[in-house]
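# Structural characterization, general
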Amino acid sequence: MTTKSAQRTFPVSWEELHRNAKALAWRLLDSGPFDGIVAITRGGLVPAAIVARELEIRLVDTFCVATYDDRSMGAPTILKGIEGDGTGLLIIDDLVDTGVTARLVRGQLPKAHFATIYAKPAGRPLVDTFITEVSQDTWILFPWDTEPQSAVPVAKQVQR
């Protein structure tokens, strides 16, 4: 099991996530039509719901993979897959990081279109469409993983 050693933390608000998921839908508009969406659980659930609404896609399913436990990464485990080769399907995830999950899903659904909101350099070649690239050493704090609390000033976070 490998521990994530992110040097930077990038918090994402609900509003920002919604705006980026809608931007992803705009970017995907000319890549379809898609017969359905496959959300990679759990991170892809919220973006997939937003993209499904914006693209007016009613068929939404899940591909359930367990990879992370908080900030620790282990071997990926398929908890629920999808039948077929992915033809006509749009895969949505919140982030492609090292590419471990993306490789696994691509191996199962090679003909699907894979889209994420965020992409890190190691996983970027595995997705067809994304909105924002972030550095490999950035840990994205999604709104479902956070709660409002007092924050330490940036100057006190950086060791000089």
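So, here's what we can say about the structure. None of these values were measured; they are calculated from a predicted model.

## A few points about the overall build of the chain
Looking only at helices and strands, the chain has 4 helices and 9 strands in total. Helices and strands in the chain line up, N terminus first, as β-β-α-β-α-β-β-β-α-β-β-β-α. Taken over C-alpha atoms, the radius of gyration comes to 16 Å for the chain, in line with the 15 Å a tight globule of 160 residues would show. Seen along its three principal axes, the alpha-carbon backbone of the chain occupies a region of about 50 × 35 × 25 Å. Burial analysis of the chain (160 residues in total) assigns 44% to the buried set. The contacts in the chain between residues at least 6 apart in sequence include a share of 61% that link residues at least 24 apart. Of the charged side chains in the chain, 17 are positive and 19 negative; the average position of the first set lies 6 Å away from that of the second.

## Section: the packing of aromatic side chains
Under the defined criterion, the tally for this structure stands at 4 aromatic pairs. Three or more aromatic residues joined by ring pairs form one cluster here, namely Phe 10, Trp 14, Tyr 118, Phe 142 and Trp 144.

## Overview of helix α1 (residues 14-28)
Here α1 is 15 residues long and its end C-alpha atoms lie 21 Å apart, about the 21 Å a rise of 1.5 Å per residue gives. Regarding α1, the residues found buried are Leu 17, Asn 20, Ala 21, Leu 24, Ala 25 and Leu 28. For α1, the angular spread of the buried residues around the axis is 150°, confining them to a single face. Turned more than 90 degrees from where α1 packs its buried face, Glu 15 and Trp 26 sit exposed. Elements in contact with the buried residues of α1: α2 (45-54), β6 (89-96), β7 (113-119) and β8 (129-133).

## With respect to the environment of Ala 75
Among the structural elements, Ala 75 can be located in strand β5 (residues 72-80). A relative accessible area of 65% means that Ala 75 is categorised as exposed. In this structure, the C-alpha to C-alpha distance between Ala 75 and Thr 101, residues 26 residues apart in sequence, is 9.4 Å.

## A closer look at the pattern of salt bridges
For the structure shown, the criterion picks out 8 salt bridges. Here Glu 54 and Arg 53 are joined by a salt bridge, their closest N and O atoms 2.9 Å apart. Judged by its relative accessible area of 25%, Glu 54 falls in the partly exposed class. We note a salt bridge from Asp 61 to Lys 80, for which the minimum N-O separation is 2.8 Å. You can see Asp 61 sitting in strand β4 (residues 60-69) and its partner Lys 80 sitting in strand β5, a full 19 residues away along the chain. For Asp 61, a relative accessible area of 33% translates into the label partly exposed.

About the thresholds
- Along each chain, numbering runs from 1 in the same order as the chain's sequence is written.
- For this predicted model, a pLDDT threshold of at least 70 governs which residues receive local features, and a threshold of 80 or more governs which side-chain atom pairs are given and counted, while totals over whole chains, interfaces and linings are taken from all residues.
- In computing side-chain properties, one takes all heavy atoms of the structure into account and sets aside hydrogens as well as water.
- Where helices and strands are cited, they refer to DSSP runs of H or I of at least four residues and of E of at least two residues respectively, numbered from the N terminus.
- Only C-alpha atoms enter the radius of gyration, while the globule expectation follows 2.2 Å times N to the 0.38, with N the number of residues.
- With a 1.4 Å probe rolled over the protein chains alone, any residue whose accessible area is under 20% of its type maximum counts as buried; one over 50% counts as exposed, and the rest are partly exposed.
- Here, residues are in contact when the closest pair of their heavy atoms is within 4.5 Å.
- Positive charges come from Lys and Arg alone, negative charges from Asp and Glu alone, with His and the N- and C-terminal ends not counted.
- A single reference atom marks each charge: NZ on Lys, CZ on Arg, CG on Asp, CD on Glu.
- Aromatic pairing here means that ring centres of Phe, Tyr or Trp (its six-membered ring) are within 6.5 Å. Orientation follows from the plane angle: under 30 degrees is stacked, over 60 is edge-to-face, and everything else is tilted.
- Multiplying 1.5 Å by the helix residue count minus one yields the expected span of that helix.
- As used here, the arc belongs to the directions running from the helix axis to the C-beta atoms.
- The working definition used for a salt bridge is a side-chain nitrogen of Lys or Arg within 4 Å of a carboxyl oxygen of Asp or Glu.

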